[in-house]
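Spelled out, the chains give:
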Amino acid sequence: MIVDFGEHMTGYFTFSVNSLDKAADGPIRLKFTFGEVPSEVAVPLDPYPGTLSRAWLQDEIITVMEAPTTITIPRRLAFRYVKIELLASSGYFDFAINDMICHAQTSVTNEPEKLSESASPIIKEIEKVSLNTLRECMQTVYEDGPKRDQRLWIGDLYLQSMANNYSFKQYDLAKRCLYLLAGVSDENGYLLATVIEKPYPRPQENQFLFEYALLFNATLKDYVQATGQREVAEDLWPVAKKQLDIIRTYLQKDGLLDFQKLDGEWWVFFDWKEDLYKEVAAQGLSIFALKETYELAKLLGKEKEIADVPEMIRKMTAAAKKYMYDSKSGLFTGTGDKQISYASQIWMILSGVTTKKEGEKALRALVTAENVCYPGTPYLYHYYIQSLVDCGMEKEARESLINYWGGMVEKGADTFWEAYDPNNDFISPYNFYPVNSYCHAWSCTPVYFIRKYPEIFQ
Ligand code: RAM
């Protein structure tokens, strides 16, 4: 049978078994399968074709040795649906399962203010699902997903704390995460992209993800702006300052990053999209990070410590314009590969390489251009919405947010998903969609847009 809890939750599952008539003369073996979405309890999980550990899938076999009894499954689960299969039992007695309970967990205690009455029903629904997603990812750290990987990643943290700053406004969790990341940075001074918290905090070794190391600085800057807690930023400033060496290492005389070298030595991510060519986005994100870090330095009165940064920004911006921009088409492409991608245009806009007008032209050109590499996850889609907002394309920003996240709502989402392509329901970065996370950090940002820009979204 399949039990529907009616909403998505994260926590510990407890159930009771009692004999309905005679003494329980033998054990009962039950198999529980927990699903965030119906497919996880509806499709066969084996043979498992996925690329991540099979054990992420939430199926557990429990042998009940006596009845009546109450049992709690030891692992923390994230689910709405519970499938129960009877694997073995005695023919001598009959039994019942009752009192199925989930002790749900989150570190959220605040409730955000209500949205304006004028907000449309779909916006209200999107914001509700977005808050559910954020709430369940807020545990002892900002997790990427309560089902998987249940841990802190810098890129997810950046977007989550942004969403939190406009909703729950519980700042201590971001502070804890920033210190954790800094505390386990590598001997070379660089940050690792993800921390495994238990049984004691340690990073995932060698997980050097280029953008994430740099986005730490933007997260720290946002934190100081939201809380005014300068002492946190002063503690962590040496870490932030050090990350800029990543850019310095690959910056060439002509103002371009040595992308080939960078790509060989770091994980350059931007999106789960195998064919994405990332040179332009890497150039843009670097400029963005330099600007954010300089802002942070200004808040702390430490500009002199990174006095070379304004000139780096100038040089890198000019180089992007000179070598990556096609003024005829209005689009940016790499110096090597000429692929036209959303990621490239987005990061040229967010870095301020384009003027507002040029940015708008690029975003409009994307719609009609051929062979465009489009986003595969809500992570890149977040930055797409931000670039539409930054270019003053309010109608498009609103429509895109409603189409994309509203599309998940229409497909029944209680929480937003790790990967979503409106044209491909089976998309998976791990070769098996049931192992995707369906309550995923980087998908929670509609609440940020809706509340930060009420004139556009409410
Ligand atoms: C996914 C994680 C996380 C993301 C990394 C890059 O596997 O779930 O969300 O930050 O990839």
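Summarised in this report is the structure supplied together with it. Numbers given to residues run from 1 along each chain, matching the order in which its sequence is written. Only residues with pLDDT of at least 70 get local features here, since the model is predicted, and only at 80 or more are side-chain atom pairs given and counted; chain-wide, interface and lining totals rely on the full set of residues. In computing side-chain values, all of the structure's heavy atoms are included and hydrogens and water are not.

Some thoughts on the pattern of salt bridges
Whenever Lys or Arg places a side-chain nitrogen within 4 Å of a carboxyl oxygen from Asp or Glu, that contact is recorded as a salt bridge. With the rule as written, the count across this model stands at 30 salt bridges. Its salt-bridge partner being Asp245, residue Arg248 comes within 2.7 Å of it at the nearest N-O pair. In this pair, Arg248 and Asp245 both sit in helix α5 (residues 230-250), three residues apart, roughly one turn of the helix. Only protein chains enter the accessibility calculation, which uses a 1.4 Å probe; a residue is then buried when its area is under 20% of its type maximum, exposed when over 50%, and partly exposed in between. Look at Arg248 and you get partly exposed, because its relative accessible area is 28%. What makes Asp245 partly exposed here is its relative accessible area of 23%. Starting at the N terminus, helices and strands are each numbered in turn, a helix being any DSSP run of H or I of at least four residues and a strand any DSSP run of E of at least two.

What to know about the pairing of strand β4 (residues 69-72)
Of the two faces of β4, only the one carrying Thr69 and Ile71 is buried; Thr70 and Thr72 on the other face are not. At least two DSSP bridges between two strands are needed for those strands to be called paired. As defined by bridge partners, strand β1 (residues 2-19) adjoins β4 across four bridges and the pair is classed as antiparallel. Bridge pairing in β4 places Val17 opposite Thr69.

Some thoughts on empty space enclosed by the protein
Definitions used throughout: a 1 Å grid over protein atoms alone; a cavity as a set of points that fits a 1.4 Å probe which cannot get out; a pocket as an open set with protein on both sides within 12 Å along at least five of seven lines; a lining residue as one with an atom within 4 Å of a point. Grid points are joined across faces, edges and corners, and a volume is the space filled by probe spheres set on the points. Throughout the structure, instances matching the rule amount to one cavity of 30 Å³ or more. Taken together, Ser161, Asn165, Ala174, Thr219, Asp222 and Tyr223 form the lining of the largest cavity. Mapped onto the lining of the largest cavity, the elements with two or more residues apiece are α2 (154-165) and α4 (210-227). At three residues, the largest contribution of residues to the lining of the largest cavity is made by α4. Grouping the amino acids of the lining of the largest cavity by side-chain chemistry returns two nonpolar, three polar and one charged. Classification used: nonpolar for Ala, Val, Leu, Ile, Met, Phe, Trp, Tyr, Cys and Pro, charged for Asp, Glu, Lys and Arg, polar for all others including Gly.

As for the sheet that holds strand β9 (residues 202-203)
Ordered in space as β7-β8-β9, the three strands form an open sheet in which the pairing is antiparallel. The open sheet is flanked by β7 (152-153) and β9, the only strands paired with a single partner. Alignment of strand β8 (residues 194-196) against β9, held across two bridges, turns out to be antiparallel. Within β9, the residue paired with Ile196 across the bridge is Arg202.

Describing the pairing of strand β5 (residues 77-88)
As defined by bridge partners, β1 adjoins β5 across six bridges and the pair is classed as antiparallel. From the neighbouring strand, Met9 faces β5, where its bridge partner is Phe79. Pairing of strand β2 (residues 28-35) with β5 involves seven bridges; the strand directions are antiparallel. The residue bridging Arg29 from the neighbouring strand is Ala88, located in β5.

A short note on the packing of aromatic side chains
A pair of aromatic rings is counted whenever rings of Phe, Tyr or Trp (Trp by its six-membered ring) have centres within 6.5 Å, and the orientation is called stacked for planes under 30 degrees apart, edge-to-face for over 60 and tilted otherwise. For the structure on display, the rule yields 44 aromatic pairs. Where Tyr212 meets Tyr379, the ring centres are 6.2 Å apart and the plane angle is 70 degrees; that geometry is what we call edge-to-face. Here the residue Tyr212 occupies a position in helix α4, and Tyr379 occupies one in helix α11 (residues 378-390), the gap between them amounting to 167 residues. The same class applies to Tyr212 as to Tyr379, namely buried. Taking 4.8 Å as the distance between ring centres and 50 degrees as the angle between the ring planes, the aromatic pair formed by Trp347 and Tyr383 counts as tilted. Highlighted residues: Trp347 in helix α9 (residues 342-350) and Tyr383 in helix α11, separated in sequence by 36 residues. Chaining the aromatic ring pairs together yields one cluster made of Trp153, Tyr212, Trp267, Phe269, Phe270, Trp272, Phe288, Trp347, Tyr379, Tyr383, Tyr430 and Trp442. In our convention, an over-ring charge means Lys NZ or Arg CZ found within 6 Å of a ring centre and within 35 degrees of that ring's normal. Taking the ring centre of Tyr92 as reference, the NZ or CZ of Lys22 above it sits at 5.3 Å. The ring of Tyr374 has Lys273 lying over it, and the distance from NZ or CZ to the ring centre is 4.1 Å.

Structural notes on the site of the ligand
Taken together, 13 residues are adjacent to the ligand, and Asp144, Asp156, Tyr212, Tyr430 and His440 come closest. Here a polar contact is recorded for every N or O atom pair within 3.5 Å, except that within protein the pair must consist of a potential hydrogen donor and a potential acceptor, and residues adjacent in sequence are included only if both atoms are side-chain atoms. Here an oxygen atom of the ligand and a side-chain polar atom of Arg148 are 3.2 Å apart. Considering only residue class, the shell around the ligand consists of seven nonpolar, one polar and five charged. One heavy atom within 4 Å of a molecule or strand makes the whole residue count as near it.

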